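# Structural description and commentary
Single-letter residue listing:
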Amino acid sequence: MGEGASGPERDDSPRALPGRAVRRVTSRGNLGPMSGEYRQAYDRSMNDPDGFWREAAQLIDWYREPDTIRDTSALPFSRWFVGGRLNTCHNAVDRHVDAGRGDQPALIHDSPVTQSQRTYTYTQLRDEVARFAGVLRSVGVDKGDRAVIYMPMVPEAVIAMLA
């Protein structure tokens, strides 16, 4: 490799890990041409973003539904679901237990570093999140507080974020 006018040249040719196929990413960032149902959803999200996301918002539980789906008054920045209130943990975990899917896998951690795999069902995940929420509350973290979570990508990080 040489050095170009803008710095060192990069070798961007794909390299496969042992036992893995190389997949090229297109200029759009996806792994190939879109087709079928995904393409229709993508097109709708681009042509009618407010309608698309209004329908998507109806698929989750809200304490208070949003007044506005997308506020574009400060472009290039948008505010989404203005006025809406929800509980992310409820939508990610609790509603699945309530719907009878408590025994289904909710989180699968497959570590190439430790060569281990752990699976949490929705019920197990809900219980672990509740337990850690109690720990946070016991050390003075309350609703509306901000807390820094500095952990590797392990199930406990997800549990801490949901708590």
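Our subject in this report is the structure included herewith. (Residues numbered from 1 in each chain as written. Predicted model: local features only at pLDDT ≥ 70, side-chain atom pairs only at ≥ 80, totals over all residues. Heavy atoms only, no water.)

### Digging into the packing of aromatic side chains
What characterises a pair of aromatic rings is the spacing of the ring centres plus the angle enclosed by the ring planes. Scanning the model with the defined rule gives four aromatic pairs in all. Summarising the aromatic geometry, the rings of W53 and W80 are spaced 6.3 Å apart at their centres and angled 75° between planes, so their arrangement reads as edge-to-face. Taken together, the positions of W53 in helix α2 (residues 49-57) and W80 in strand β4 (residues 77-82) put the pair 27 residues apart, joining distant regions of the chain. Overall, W53 belongs to the partly exposed group, its relative accessible area being 34%. (Phe/Tyr/Trp six-rings, centres within 6.5 Å; stacked < 30°, edge-to-face > 60°. Helix = DSSP H or I, 4+ residues; strand = E, 2+ residues; numbered from the N terminus. Buried < 20%, exposed > 50% of the residue type's maximum accessible area, 1.4 Å probe, protein only.)

### Observations regarding the side chain of H96
Looking at the secondary structure, you find H96 in helix α3 (residues 88-98). Ignoring sequence-local partners within four residues, the contact set of H96 consists of N91, R101, G102 and Y122. (Contact = heavy atoms within 4.5 Å.)

### Here we look at the packing of helix α1 (residues 36-47) against α2
Taken N-terminus to C-terminus, the directions of α1 and α2 make an angle of 120°; their axes are 5 Å apart at the nearest point. Compared by their axis directions, α1 and α2 come out oblique. Residues A41, R44, S45, M46 and N47 of α1 lie in contact with α2, whose contacting residues are P49, G51, F52 and E55. Per-class residue counts for the contact of α1 with α2 are four nonpolar, three polar and two charged. (Axes fitted to C-alpha atoms, helices over the stretch in contact; angles between N-to-C directions. Parallel < 35°, antiparallel > 145°, perpendicular 65-115°, else oblique. Nonpolar A, V, L, I, M, F, W, Y, C, P; charged D, E, K, R; others polar.)

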